[in-house]
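If you want the building blocks of each chain, they are given just below.
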Protein chains: 2
Amino acid sequence: MSILYVVGIGPGAYGKMTIEAAEALKNSDVIVGYTVYVDLVKEHFPGKEFLTTPMRRETERCELAFLEAEKGKTVAMICSGDAGVYGMTGLMYEIGVRYPGVELKVIGGVTAAIGGAAVLGAPLIHDFAVISLSDLLTPWEKIEKRLELSAEADFVICLYNPSSKKRKDYLKKACDLVLKHRSPDTVCGYVKNIGREGEEGCVLTLSRLHDTQVDMFTTVWIGNSQTKNINGKMVTPRGYRL
Amino acid sequence: MSILYVVGIGPGAYGKMTIEAAEALKNSDVIVGYTVYVDLVKEHFPGKEFLTTPMRRETERCELAFLEAEKGKTVAMICSGDAGVYGMTGLMYEIGVRYPGVELKVIGGVTAAIGGAAVLGAPLIHDFAVISLSDLLTPWEKIEKRLELSAEADFVICLYNPSSKKRKDYLKKACDLVLKHRSPDTVCGYVKNIGREGEEGCVLTLSRLHDTQVDMFTTVWIGNSQTKNINGKMVTPRGYRL
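Residues numbered from 1 in each chain as written. Chains lettered and ligands numbered in written order. Predicted model: local features only at pLDDT ≥ 70, side-chain atom pairs only at ≥ 80, totals over all residues. Heavy atoms only, no water.

**Overview of the nonpolar core**
Here comes step 1: Formed by 54 residues in total, the largest nonpolar core has its most connected members in A:L159, A:L209, A:I222, B:L159, B:L209 and B:I222.
Here comes step 2: Apart from the residues within four sequence positions on either side, A:L159 is in contact with A:I131, A:L133, A:L147, A:L171, A:A174, A:T219, A:V220 and A:I222.
Here comes step 3: If you look at the next biggest cluster of nonpolar residues, it comprises 39 residues, including A:V85, A:V110, B:V187 and B:V203. (Core = buried A, V, L, I, M, F, W, Y, C linked by side-chain atoms within 4.5 Å. Buried < 20%, exposed > 50% of the residue type's maximum accessible area, 1.4 Å probe, protein only. Contact = heavy atoms within 4.5 Å.)

**Some thoughts on empty space enclosed by the protein**
Here comes step 1: As enumerated under the stated definition, the model contains 4 cavities of 30 Å³ or more in all.
Here comes step 2: Of the pockets and cavities examined, the largest cavity occupies roughly 50 Å³.
Here comes step 3: Lining the largest cavity, in full, are A:T111, A:A113, A:I114, A:F128, A:V130, B:T111, B:A113, B:I114 and B:F128.
Here comes step 4: Counting only elements with at least two residues in the lining of the largest cavity, the list comes to α5 (112-120) and β7 (128-132) of chain A together with α5 (112-120) of chain B.
Here comes step 5: For the lining of the largest cavity, the residue count by class is 7 nonpolar, 2 polar and no charged.
Here comes step 6: Taken as a whole, the second largest cavity encloses approximately 40 Å³ of empty space.
Here comes step 7: Around the second largest cavity, the lining residues are A:D82, A:G84, A:T89, A:V106, B:I114, B:A117, B:A118, B:G121, B:A122 and B:P123.
Here comes step 8: Sorting the residues of the lining of the second largest cavity by element identifies α5 and β6 (121-122) of chain B as the ones contributing at least two each. (1 Å grid on protein atoms, 1.4 Å probe; cavity = no way out; pocket = protein on both sides within 12 Å on 5 of 7 lines; lining within 4 Å. Points joined across faces, edges and corners; volume = space filled by probe spheres on them. Helix = DSSP H or I, 4+ residues; strand = E, 2+ residues; numbered from the N terminus. Nonpolar A, V, L, I, M, F, W, Y, C, P; charged D, E, K, R; others polar.)

**Side note on the side chain of A:R146**
Here comes step 1: Checked against the element boundaries, A:R146 lands in helix α6 (residues 140-152).
Here comes step 2: A:R146 gets classed as buried once you look at its relative accessible area, which sits at 2%.
Here comes step 3: A distance of 3.4 Å separates a polar atom in the side chain of A:R146 from a polar atom in the side chain of B:H126.
Here comes step 4: For A:R146, the residues in contact, after removing those within four places along its chain, are A:I131, B:H126, B:D127, B:A153, B:D154, B:F155 and B:N224. (Polar contact = N/O pair within 3.5 Å; in protein donor to acceptor, adjacent residues only side chain to side chain.)

**Some words on the side chain of A:H210**
Here comes step 1: Turning to its location among the elements, A:H210 is positioned in helix α8 (residues 206-210).
Here comes step 2: Look past the residues within four positions of A:H210 in its chain and what remains in contact with it is A:K172, A:C175, A:D176 and A:L179.

**What to know about the interface of chain B and chain A**
Here comes step 1: Contact residues are listed per partner, giving 67 residues for chain B and 67 residues for chain A.
Here comes step 2: When the two sides are added together, the surface that chain B and chain A hide from each other amounts to roughly 6,000 Å², 62% of it contributed by carbon and sulfur.
Here comes step 3: For the interface between chain B and chain A, the tally reads 10 salt bridges.
Here comes step 4: Between B:K142 and A:D154 there is a salt bridge, with the nearest N and O atoms lying 2.9 Å from each other.
Here comes step 5: Judged from the 3 bridges that link them, β7(A) and strand β7 (residues 128-132) of chain B form a sheet pairing that is antiparallel. From the neighbouring strand, A:A129 faces β7(B), where its bridge partner is B:A129. (Buried area = accessible area lost by both parts, 1.4 Å probe. Salt bridge = Lys/Arg side-chain N within 4 Å of Asp/Glu carboxyl O. Pairing = 2+ DSSP bridges.)

**Notes on the pairing of strand β8 (residues 156-160) of chain B**
Residue and element names in this part refer to chain B.
Here comes step 1: Burial of β8 is extensive: 5 of the 5 residues sit out of reach of the surface.
Here comes step 2: Residues V156, C158 and Y160 line one face of β8 and the alternating positions I157 and L159 line the opposite face, and both faces are buried.
Here comes step 3: Bridging between β7 and β8 involves 5 bridges; their strand directions are parallel. Residue pairing in the sheet places F128 in a bridge with V156 of β8.
Here comes step 4: As for the winding sense of the linkage, the β-α-β connection from β7 through helix α6 (residues 140-152) to β8 is right-handed.
Here comes step 5: Inspection of the sheet shows β8 paired to strand β11 (residues 218-222) by 3 bridges, in the antiparallel sense. If you follow C158 over to β11, its bridge partner there is W221. (Right-handed = clockwise from strand over helix to strand, strands pointing away.)

**Points about α6(A)**
Here comes step 1: Here α6(A) is 13 residues long and its end C-alpha atoms lie 18 Å apart, about the 18 Å a rise of 1.5 Å per residue gives.
Here comes step 2: When we look at burial in α6(A), the residues that qualify are A:W140, A:I143, A:R146, A:L147, A:L149, A:S150 and A:A151.
Here comes step 3: Looking at the buried residues of α6(A), the elements they touch are β7, β8 (156-160) and α7 (170-179) of chain A together with α6 of chain B.
Here comes step 4: Positive phi shows up at A:D154, right after α6(A), with a value of about 60°. (Expected span 1.5 Å × (residues − 1).)

**Structural notes on the sheet that holds β8(A)**
Here comes step 1: Spatial strand order, β10(A)-β9(A)-β11(A)-β8(A)-β7(A)-β7(B)-β8(B)-β11(B)-β9(B)-β10(B): 10 strands in an open sheet with mixed pairing. Of all strands in the sheet, those bounded by a partner on one side alone are β10 (200-205) of chain A together with β10 (200-205) of chain B. Taking the axes of each pair of neighbouring strands and ignoring which way they run, one obtains an average angle of 15° across the sheet.
Here comes step 2: Its contacts with the sheet put α6(A) on β7 and β8 of chain A, and the angle it makes with β7(A) is roughly 160°. (Axes fitted to C-alpha atoms, helices over the stretch in contact; angles between N-to-C directions.)

**Some details on the packing of α6(A) against α6(B)**
Here comes step 1: Following both chains from N to C, one finds α6(A) and α6(B) inclined at 175°, their axes separated by 9 Å at the closest point. Here α6(A) is positioned roughly antiparallel relative to α6(B), judged by the angle of their axes. Counted together, A:K145, A:L149 and A:E152 of α6(A) and B:K145, B:L149 and B:E152 of α6(B) form the full contact between these two elements.
Here comes step 2: The class makeup of the residues in the contact of α6(A) with α6(B) is 2 nonpolar, no polar and 4 charged. (Parallel < 35°, antiparallel > 145°, perpendicular 65-115°, else oblique.)

**Some remarks on the environment of B:Y99**
Residue and element names in this part refer to chain B.
Here comes step 1: As for its placement among the helices and strands, Y99 is situated in the loop between α4 (89-96) and β5 (102-107).
Here comes step 2: Since its relative accessible area comes to 8%, Y99 is described here as buried.
Here comes step 3: Residues Y99 and S163, spaced 64 residues apart in sequence, show a C-alpha to C-alpha distance of 36 Å.
Here comes step 4: Sequence-distant contacts of Y99, defined by excluding residues within four places in its chain, comprise E63, F66, L67 and E70.

**A word on the packing of aromatic side chains**
Here comes step 1: All chains considered together, the criterion is met by 10 aromatic pairs over all chains.
Here comes step 2: Residues A:Y14 and A:F45 carry aromatic rings whose centres are separated by 6.1 Å and whose planes lie at 55° to one another, so their mutual orientation is tilted. With A:Y14 in the loop between β1 (2-8) and α1 (19-27) and A:F45 in the loop between α2 (35-41) and β3 (49-53), this pair connects stretches of sequence that are 31 residues apart.
Here comes step 3: Look at A:Y14 and you get partly exposed, because its relative accessible area is 25%.
Here comes step 4: Residue A:F45 is classed as buried on the basis of its relative accessible area of 2%.
Here comes step 5: Seen from the ring of A:F155, B:R146 lies directly overhead, with NZ or CZ sitting 5.7 Å from the centre. (Phe/Tyr/Trp six-rings, centres within 6.5 Å; stacked < 30°, edge-to-face > 60°. Lys NZ or Arg CZ within 6 Å of the ring centre and 35° of its normal.)

See the structure below:
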């Protein structure tokens, strides 16, 4: 039985990886991933074989990892953040039925929702929803429905993929839906380049977020009705007595 | 300016901590936390001063950390999982306004939703909601509303604190609410003692989950309408072409 690790490397900086993630990469002969993620880890794991595929070649990337593992090599498929949150773990299990001789070992990581929350303060202290605004693989109507129901449920909402070249107005659309149920003064935040060079967090109101253009390397948090701005930090109370 | 780290130690096992979390604990003079979490890390950080308070003494625990930091010591407040998900980070910022000479540094960790997902397979590959069933600090009506709207939104749902001595039937109640919108065959899972001795995962249907008694060391995942059981693993597809 060959071992194929599926590893979340965290936001980017080496220190934000778990100890067992680093050990899995050290134990691997081959590290497979999207070009950008491989570049993030390369210098810390000298002597490894690195295989990359570009974006939108996810199925091919997974097949590549299984084929290398079938040769008897120890392989790690890496994803940024956690491999189980909008990552490759699902596809690896789906494709894995064709490779019964390869055993998957999933190693959790710090996803953007959590890594970025630590930059902003404490937005996720209470119940929250995580929604991707990318409609590449999900109908936009389904995304809209989830946004509205989350706003109605008073969840803190964390948005992945809030923008791209083709979807410049999606964050504005999302804010419009949330504004049906939540005050324009709701405390929000966004973080660009979480755990990487150029990391930059900003805490602002929902109405200002509505008019902000973010890029594809940004994650967004919309507070619930209780979320506060404490000295520039975004803080959702749990309800403890002070 | 004294440094006060707020550190998520991950699910429990030392290897599931991030590299920077371990470094922060190594750099600290004092480690403060709930008794159970301090016991999890104690052996790995010899020579440190450990201060604990029991459950339900959260405010006192935070004050203790700030008072130690004010003495000029480097202090780490630890939480299991991530300190920003139902953890102490929020309370630390709220109390922190009274200690302007202490700077908080938050270090993210692998929360139960992610650590347990890696045990079950890949339940969180698509949009999801995280809800705590504890009504100690949240009215039950609000929890019910969030459960129903999440079910309607077809989120994968991750439940924290699904049970306690006083709330033995809460998971059953939660399943009843979800069953209004989702098939009894919906793929679900639970993991007991994530990342600790006695770790045990189970994939089952929503109707079987409804009739299962879990304990307070368990986290629960309810799949969306697309979630599959692949060879005993709980897998939510993202939508890639196979």
